[in-house]
Each structure stands twice: as structure tokens, then as C-alpha cells.
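# Analysis of the macromolecular model
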Amino acid sequence: MNMRRRLVLVLRALVVLPLLASAVTAPGALGAPHDQTAPTAHIADSKGNPLRMWYTAPVSDWENQALVQGNGTTGLMAFGNPGRDRLHFNEKTLWGGGPANGRTYLGGNKATALTPRQLNDYRLALDDKSTNVFGLPPTGAGGANQQLTSLMFGNTGGMGMYQDFGDLYLDFGATGITDASASNYVRDLDMSTAVSTVNFDHGGVHYQREYFVSYPDQVAVVRLSASEPGKLTFTTSTAAASGLTTTATADPDEKRITLAGQVNDNQMRAEMQLKLQNEGGTVSSSDGSTLTVTAADTVTLVYSTGTNYKNDYPTYRGEDPHDKLTQRVDSATAGGYRALLDRHLADYQKLFSRVQFDVGATVPDIPTDQLMRNYRAGSYDLAVDQMAYQFGRYLSIAGSRAGDLPTNLCGLWMIGSAGAFWGADYHFNVNVQMNYWPAMITNLAETQVPFNEFVESLVVPGRLTAERSAAVKTGDFANAPLGTGKGFLINTQVNPFGHTAPIGSQEYGWNIGGSSWAMQNLYDYYLFTGDENFLRDTAYPMLKEMAAFWNEYLWYSPYQERLTVAPGVSAEQGPTAVGTAYDQSLVWELYRMAIEASEELGVDADLRAVWQDKQSQLDPILIGQQGQVKEWFEETSLGKARAGDLPEVGIWNFGAGGSANQGSVHRHTSQLVGLFPGTLISKDTPEWMDAATKSLEQRSLNGTGWSKAMKINMYARTGLAEDTYSMVRAMLAGNRNGLMDNLLDSHPPFQIDGNFGLTAGMTEMLVQSQLGYTQFLPALPRAWKDGSVEGLVARGNFVLDMKWAHGDATEFRVTARNGGTFVGDYPGITQTTVKDADGNLVAAKAIGSDKISFDTAKGQTYTITFEPEGVGFANVSWHVDRAEVTGELANSAAEQVRHHIAQAERLAQSPASNRAVTRQLDKAARKGEASAKLVAALSALAATFR
């Protein structure tokens, strides 16, 4: 075979082999179903695994070093000490606060309702600019803050906090194992399996510990093994956290430890049960509260947690958890370790492996903590990007599963008092919403179900809050059917016991738009899944209620000459005001969703007209003197304000929080909620987009962890790829103001929302669909110039795979889960070909120069292909397809051209002469003469054989 033919074959192989490789590797590869995976191996090989986090020392600082695991209910953090391992456990429903003996609990609400007269007088005072730019002095008797908190705020009684649970200890001291005497120590977590391990050597014996938390079996599992028989001797004990009164009992015959008791604050019952299985050796108890294993070969420990919490207004109590936990651990241990692991992997990998994310990283050969330190020092290894991205998805699966509460500020992982973590509650002024930003777009819709159900459960208590704090009353609020009430309010600090009232300080306590913001997550669940039953029965009735609330609550400001939310604040900074951009934008988006949903369902045309009228009077985006989006109506330039004939003043409480902002401006970017997660500001509103970009520039790259994540999402919406990626790097390198050594986000302290926001923002860089069509690679940075992603989801329930090289797209694949018309946006996309799974060309309609649309069938996959680079058979075949699509080549002629090209390709792989190949290519050129580009491609290929 001559050199030219060998070159052609090599070029052809380079084109084909990557496609073949992607088709046979991990489940969810291009063209494969994205919701069906079967694990092919149990524990992934540590070598060459880009999603393995590993460390060479046990945990000493849990926030910075612990590897978290969970099943949405029970949490695990293994410290991994060889001599005395500590396994910290948490339980999602374990809380203080709420109903309790001797406590009158009204969900934090005032005992009596605010009256319309009181509300109107307060509004008029805030709108009066005769003596103060914001109507009233901020503080002092009769000031804006004092009136807000006295008229509208409830009390903190019963708010409570998330409650730490306790620890399991495995003490190996009797065998002489100590941390210092262990060698070759490695501790790791494999995100592809959600299994972590500890490995070390001692006295010539290799010891391994494996940990995972199973959703199917609702248990945490620990497997202990040694390289020689009879080498496992240890004592298992438990310790409860402060705030609980518990008793530990051990039964060596049943090989069980039960830690049971109650929360001191509210008498909630709480229990942890542990059962172990030993192969070889004996099990005994010397004190009735601990178990000692002696000379075992392997040991499996299984535990589960529970409380008698039930999300049932107003009592929030159910059955004692004891019998349920006994059944769980008995059932889990009955089948043995391998069966437990198999069920865990089948469940976890079905979700996790749906998305593959590759931006060109290589697997690092250093421990992850060193990798992170190097990154902070300027060694920007793309392995950090890939691990951090998938870590957000890992946490979504570990922290939020159907049948339980949503993730709180700490997910479900915490040690010590929640007082150090803002109560580890549900903050509805960005944080809990951020927890669910990646769920839909990264193909984890199941993990958002707990949030949907939780928000729905807050409708009844939220109706009472609307009456008591905003003078909008629903008659028989506890029994009115969903959709018939006058709205429900969810302010900032929320617990699992229906606490929706405003409490605390002015700048964070008053969050009248909290429920409207949460509805964006729920409405997105419909847009991504297309679940019309959910829209009809759940989302739309809730939207309808909130639209009814705003119809009544909105107030026309004579000074501003528009409908306003009054009183309002911009989250966590500045004065009490009328019509902040934050509030106005959230209400605008609420009306948008209600209008769209009513149209989709074909209902409430009369109400829709009212909503459209109200929405049109909000005027939410105003531009200031510096070209920025104004956070407050009175704002002139950053931190300054003026009203009427009064002189310009500094905005009171501007940049509240000081050092918590990591800069001179505030960590919240609340005035830009219309940019993200909303739809108000987009590339289709260039003047507003320019103003939003200016505001982002003013906010800088500084901020706490979650704040950086919020700005990443907002920057991604601007399309400014390098600025967006600068924010990504700022967060990845942030340490205590970003990602720590264990990849957990820090505010500081640890606060999990930043992990979710980071993954969502990195996804927004690759795909956006909030404008009713799909934007491919809208903010692709130079650092990710070569890469691929599989399994992302666009609204309309389209699953997307993308490949790109040198910063330009080479191929998109679209799987239509629901069917319908797909609209895609990307520079030059009108110059592509579209084929179905059978290789048939699909008619695509060009919309301008950078957008196409085509009809899809449910369950079918479509490939959008850009012109292949280089000279070769793939290139000329693409040109045939393109000529046929544009009508430059008739169908019959195109088939003849393909015949000649195929014949030429076969000849090129055979001993035939180069002349035989060129004859076939020349014949193809003559048949394809209607397309100049095709002829040029054929001629170029033929020239390589001449």
C-alpha cells in the first residue's frame, strides 16, 4: 500500500475512532439513552479516574477535609483515623423549633394581622420625599426599620435550628493500631460510584474500609477488611450531639446498637440503629452500650437514622421511628454486603452517569488537597474544573432524594451547633433556590422533587403569613383548595415546621418575594420535563394564588408613577424602600409564568388579561447614571441616591456585612435576578444587558463562595465567556471564600449552596434555554477550547450532547424526550446538516443566520453536524448532505454522488491503484457539479491521490 493511501486511511481512522470510542464507553454516550445505565464494575479503578478525590491523611478539620456521603436522609462523614475512626451521622428531619410542649407556635407570625390602613400609612410615609430620600429615616423611633419590624415582623419563638445528631466510633486500640503507626495511608471518594475508602498498612497487614450510603436500602454501610484473617478487633460506641437527650443500648446477640431519645427543644423523637455482621471472630458487649468485635476476618456495619417528624401542618409529627429503623437495618444486613453495594450502584449510577463533562483535563497524580493548593497558587489544572462540576451533581444525589426534605444551608452535613451556620435553615432569599439550580439542567430532575413538595407544603402556613404581615387574607386559609387562596408568603428564614414569617433584622428578614422566586424553580420543573399534570395540579394553582396576592398587594406610587412592591428591600443591604429592582423583577417573572401557564392550559383568559396589565406597569429595570441597573429607584450612582429636590446622599446600609462581602460592595446581586435566574434581561434586550454587565463589573470578582456562584450564572447569561470563567477560577481558588480542599463551598463557614450554584453556572456556559430556544455554547472560554459534554437538558425536555474543538462546535446531538419543535442557536448553525438516528436528512428551517428549527419525534435523536475539518471522505460526504439540504443537488443525484464516494473509499482501502480512486471521485464531481463547494471538496480529496 503506498504512502498516500496509508495517509488517507490514517486520517479516516482519526475521524471515525473517536466516534466509535464515545459510542461504546460510559453509559449515556452519544446517541445512547440517558436514563438507562447498568454498572459494569463495582469499585472503579483508582488509576486514571478523573472523578476520584484522594488524600493522604485522616480528617482533622471536617469543613475543609471531610468527604460527605448521603442518601437524602442520612448523612455520613468518615474521619478515617486508623486507630479510632469517627463516623459522623446526620438526619435530614432532625430539627429544633416548631410545635413543642408549652410553646404557642404560629409559624413565627404575629398574633394579630397588619391592617390595610397601617400598611397604607407606612407606604405613604416611604413615598414622601419632602425630608428624606427614602421617605423615612432608616433607624430610630418611627423610622423605616422600626415600623417595618413592629408592623409586619413576627417573633423568633419556635424558629429553631437544624440539629446535629452524633457519632459512631470504631476503636482499634486493642490491636495496637494508631494513626502514627499506620503507613501507606490513602483516603478517597469516587464520585462515579459514591463509595469512599480508607486504605493503610500496619504490622504487615493491609486494612481497607469502604463507606457508602444507600438510597434503595435507606442505610449507611461500612465494610472493614484485612489482608489476613482474624485481624479485625475493635469496639463500636456512639455519642449524641449537644441538644439531644439519648440512651445507647447494645445487644451482642442481635449485634445491634440503638441510640434513641429526643430533641431537648421540641421533644421530637430521634433514633439511630446500627447492626453489624462479622465473618469470623466474636461479638460481645461489656457495658450494654457498646459492641466489641474480636478477631474477625471482615465486618459490615449498617446504620440508619430517623425521627417522628412528618410534614403535616400544624402538628408536624408522625410515628416513632423505632420499628421502621429496625426493619431497615435487619432487611439490609440479611442480603449481605455485595447485594447492598449492587443496589446502591444501580441506583446511584443511573442518575450520576447521565452527564459526562470533559474539558480536556488529564488525571492528576497528586492528592486532591495538594491539587487545590496548587490551583490557588496559579496552577490552573482543568482537573479541578471537571471534579468541581461533577461534585455539584454528586451532592444533588447525595443530599436530595424523593421522600424527604430538601437540602438546607448545609445540605444535611454538619457538626456542632447550627448557630455557627445561620441555623442551617432554608434561606429563601437565594440560597435554597440556588440549591436546585443544577437539578433540571444537569439531568437530575428527580432530585428537585423534594423541593417542589416542600414549597407546596408551605402554601397553608404561607397564607397565614400573607394575612398577618401583608394584610392579604385567605378565608379559611388552612382548608381552601390549592389555587383558590390569595397567596402565600415565604420570607427568608424557614424551618420544616411551616415557619414562613418575617423575623430578625430589616435587611434580611423582609423577603416578600421569596415564594415568587421559589416558583421559578417549580415552573422550570414543568418547562424541563413537560409534565402537564404537574403544571395543572400543582405549579399553576400556586402561580395563580401568588398572582392573586400581587393583584391585591401592589401599590401605585405617586412619586415613582408605577406599580410597586412596598415596603421592600434589596436582599441583605440598604434601606427599606419602595419598588426595589429585586422585588419588581420577581413579581414581573411571577406574572410571566402565570400568563404562560394559563395559555398553555387554556384557562383563565380573564385573569390573564389582568395579569398582563399589572405586569406592564411594573417597569422593573431602570438604568442609573453610571449605566448600571439601579438597585433602588432613588439610586443615582453606586452607593448614592437622590429624590425630589433633596441633595444626593450615601445609601444607608450600603454594602452591609463588611468583611463578609470580601470587598467594598455587597455579596448579593439582587438587582440582577431578572438576568439570572429570570428572563427579563437577555441578549434580546441589549440596553438592559449592557446595564447588567456594568453592575456585574461594579460587584467585582470578590464575594463569598455562594456569591461568586451567583455571579458565575449571571455572567454566563451575558455571553462574556472570559469574564465568566474568571469568576469560575475565582471560586475554584477561593478556599474559605470558595472551594475548600474537599471541594465543599465556604461562605465562610461551610455553606453548600455555592457547590450547586457553581455547577449550574458552568452548565449555563455550555447551554441556555430560558428564552424559548436552546443556545449552544453561549459562553465557552478559551480554557475549555476542546471538549465534549453529554446528557445536559434544555427546556422542552431535549437532551443535549455537544462536541467542540479549537473553540468551535463540531457536532450537537439532540434527543427529544417529548418530541415537539426544537430551536437551536449557535453562530453558523444554519450551515449545518441535521440527520435522524437512521441517517436520514432532516429538513431544518433557518431563522436568520444563527438559528434553526426542526420537528422532532418523541424519543428520537438528531445529529447536527458542522463541516468536518481537513480533506477527507468525511468532509466530502458532509458536503453532499449539505448540497442536498439546500437543494443544490437533487435527491437522485445526491445518491449517485454518494455511490461514487463510497466506491472510492472502498478502493482506497484496497490494493487498487490511486487512479481507480480518483476516477470515482471525478465521477462524483461531475454528478455533483450543481454544488461548487462539493466539487471543490471532491477535487481537493482527489488531488491527494494524484
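This report concerns the structure included in the present document. As a convention, each chain's residues are numbered from 1 in the sequence order in which they are written. Per-residue local features of the predicted model are confined to residues with pLDDT of at least 70, and side-chain atom pairs are confined, for both listing and counting, to 80 or more; whole-chain, interface and lining totals are unaffected and use all residues. Just so you know, side-chain values use all the structure's heavy atoms and leave hydrogens and water out.

Turning our eyes to something else, we now look at the overall build of the chain. Of the regular secondary structure elements, the chain holds 25 helices and 35 strands. Counting only C-alpha atoms and orienting by the principal axes, one finds that the chain spans roughly 95 × 85 × 50 Å. Burial status follows relative accessibility: with a 1.4 Å probe on protein chains alone, a residue under 20% of its type maximum counts as buried, one over 50% as exposed, and anything between as partly exposed. Burial analysis of the chain (946 residues in total) assigns 61% to the buried set. Every residue pair with non-hydrogen atoms within 4.5 Å of one another is taken to be in contact. A fraction of 68% describes how many contacts in the chain between residues 6 or more apart in sequence connect residues 24 or more apart. Here the Shrake-Rupley method, with its probe set to 1.4 Å, supplies the accessible areas, and only the displayed protein chains count as covering residues. If you sum the accessible surface of the chain, you get close to 32,300 Å²; carbon and sulfur atoms cover 50% of it. Taken together, the 76 basic and 98 acidic charged side chains of the chain have centroids lying 5 Å from each other. The way it works is that DSSP assigns letters per residue, a run of H or I at least four long becomes a helix, a run of E at least two long becomes a strand, and they are numbered from the N terminus. Positive charges come from Lys and Arg, negative ones from Asp and Glu, while His and the chain ends are left out of the count. Think of each charge as sitting on NZ of Lys, CZ of Arg, CG of Asp or CD of Glu.

Aromatic contacts are taken between Phe, Tyr and Trp rings whose centres are within 6.5 Å, Trp giving its six-membered ring; a plane angle under 30 degrees counts as stacked, one over 60 as edge-to-face, and the others as tilted. Summed over all chains, the structure comprises 44 aromatic pairs. Look at Phe-212 and Tyr-337: their rings are 6.0 Å apart centre to centre, the planes differ by 55 degrees, and that puts the pair in the tilted class. In this pair, Phe-212 sits in strand S8 (residues 205–214) while Tyr-337 sits in helix H6 (residues 337–352), placing the two residues 125 residues apart along the sequence. Judged on exposure class, the residue Phe-212 and its partner Tyr-337 are both buried.

Moving on, we come to the environment of Ser-746. Relative to the helices and strands, Ser-746 resides in the loop between helix H20 (721–732) and helix H21 (753–764). A C-alpha to C-alpha distance of 7.6 Å links Ser-746 and Trp-706, two positions 40 residues apart in sequence. Excluding residues that lie within four positions of it along the chain, Ser-746 makes contacts with Thr-704, Gly-705, Asn-735, Arg-736, Asn-737, Gly-738, Met-740 and Gln-751. Any pair of nitrogen or oxygen atoms within 3.5 Å is treated as a polar contact; in protein, a donor-acceptor pairing is required on top of that, and neighbouring residues in sequence qualify only through side-chain atoms on both sides. Of the polar contacts made by the side chain of Ser-746, one reaches the backbone oxygen of Arg-736; its length is 2.9 Å.

Counting 229 residues, the largest nonpolar core has Phe-428 and Trp-550 as its most contacted members. If you look at the next biggest cluster of nonpolar residues, it comprises 24 residues, including Val-880, Ala-883, Ala-893 and Leu-921. Here, nonpolar core refers to any group of buried Ala, Val, Leu, Ile, Met, Phe, Trp, Tyr and Cys residues whose side-chain atoms link them within 4.5 Å.

Listed in full, the buried residues belonging to helix H4 (residues 144–152) are Ala-144, Asn-145, Gln-147, Leu-148, Leu-151 and Met-152. Around the axis of H4, the buried residues are gathered within 165 degrees of arc, so they sit on the same side. Lining the buried residues of H4 we find helix H3 (116–127), helix H12 (459–470), helix H13 (506–509) and strand S23 (573–577). This arc is taken over the directions from the axis of the helix to the C-beta atoms.

One can find Thr-333 in helix H5 (residues 322–334). Along the chain, Thr-333 and Val-221 lie 112 residues apart, while their C-alpha atoms are 9.5 Å from each other. Setting aside residues up to four positions removed in sequence, Thr-333 forms contacts with Lys-275, Gln-277 and Val-302.

Structurally, Arg-699 can be placed in helix H18 (residues 686–699). On the accessibility criterion, Arg-699 (2% relative accessible area) is buried. Of note is the side chain of Arg-699, whose polar atom sits 3.1 Å from the side chain of Glu-631. Every residue in contact with Arg-699, bar those within four places of it in the chain, is listed here: Gln-573, Glu-631, Leu-638, Val-665, His-666, His-668, Thr-669, Gln-671 and Lys-711.

Moving on: the side chain of Thr-238. Tracing the backbone through its elements, the reader meets Thr-238 in strand S10 (residues 232–240). Beyond its immediate stretch of four places on either side in the chain, Thr-238 contacts Asp-167, Leu-168, Ala-248, Ile-257, Leu-259 and Met-272.

Further remarks concern the sheet that holds strand S3 (residues 74–78). At least two DSSP bridges between two strands are required for those strands to pair. Spatially, 7 strands are ordered S2-S3-S4-S5-S10-S15-S14 in an open sheet, and the strand pairing comes out antiparallel. In the strand order of this sheet, the two ends are held by strand S2 (68–70) and strand S14 (282–284), each with one partner. The mean angle between the axes of side-by-side strands here comes to 20 degrees, regardless of whether they run parallel or antiparallel. Relative to S3, S2 runs antiparallel, the two sharing 3 bridges. The residue bridging Val-68 from the neighbouring strand is Met-77, located in S3. Throughout, an axis means a line fitted to C-alpha atoms (over the contacting stretch in the case of helices), and angles, computed between N-to-C directions, take values from 0 to 180 degrees.

This next bit is on the pairing of strand S29 (residues 798–805). Counting buried residues in S29 gives 7 out of 8 residues, a clear majority hidden from the surface. Linkage of strand S28 (residues 787–794) to S29, two consecutive antiparallel strands, is achieved through a turn of 3 residues, within which Gly-796 is found at a positive phi near 100 degrees. Pairing between S29 and strand S30 (residues 808–816): 8 bridges, direction antiparallel. The residue of S30 that forms the bridge with Leu-800 is Val-814. Joining the antiparallel neighbours S29 and S30 is a turn of 2 residues, in which His-806 adopts a positive phi near 55 degrees.

Cis geometry is adopted by the peptide bond preceding Pro-748, which originates at His-747 and carries an omega value of 0 degrees. Here Pro-748 shows up in the loop between H20 and H21. In this structure, Pro-749 follows Pro-748 across a cis peptide bond, with omega equal to 5 degrees. Residue placement: Pro-749 occurs in the loop between H20 and H21. In this structure, Trp-422 takes a positive phi of about 55 degrees despite not being glycine. In this structure, Leu-777 takes a positive phi of about 45 degrees despite not being glycine.

Moving on: the sheet that holds strand S27 (residues 774–776). The mixed open sheet is built from 5 strands, whose spatial order is S26-S27-S31-S34-S33. One side of each edge strand has no neighbouring strand; the edge strands of this open sheet are strand S26 (767–768) and strand S33 (845–846). Two elements, S26 and S27, share 2 bridges in a ladder whose sense is antiparallel. Bridge assignment links Val-767 to a residue of S27, and that residue is Phe-776.

Moving on to H20. One fewer than the residue count of a helix, multiplied by 1.5 Å, yields its expected span. A rise of 1.5 Å per residue sets the reference length of H20, with its 12 residues, at 16 Å; its end C-alpha atoms lie 16 Å apart and thus fit the reference within 8%. All buried positions along H20 are accounted for by Ala-721, Thr-724, Tyr-725, Met-727, Val-728, Ala-730, Met-731 and Leu-732.

Let us look at the pattern of salt bridges. Counted as salt bridges are all cases of a side-chain nitrogen of Lys or Arg within 4 Å of a carboxyl oxygen of Asp or Glu. All chains considered together, the criterion is met by 39 salt bridges. The partner of Arg-52 in a salt bridge is Asp-188, with the nearest N and O atoms 2.8 Å apart. A residue pair is termed long-range when its members are at least 10 positions apart, and Arg-52 in strand S1 (residues 52–55) and Asp-188 in strand S6 (residues 183–190) qualify at 136 residues. Here the two residues Arg-52 and Asp-188 agree in accessibility, since each one is buried. Across the pair Arg-946 and Asp-922 runs a salt bridge, and its minimum N-O distance is 2.6 Å. With Arg-946 in the segment after helix H25 (932–943) and Asp-922 in helix H24 (residues 914–927), the pair connects residues that are 24 residues apart, well separated along the chain. Judged by relative accessible area, which is 54%, Arg-946 ranks as exposed. Under the relative-accessibility criterion, Asp-922 is labelled partly exposed at 27%. Through salt bridges with shared partners, a single ionic network connects Lys-835, Asp-881, Glu-884, Glu-895 and Arg-898.

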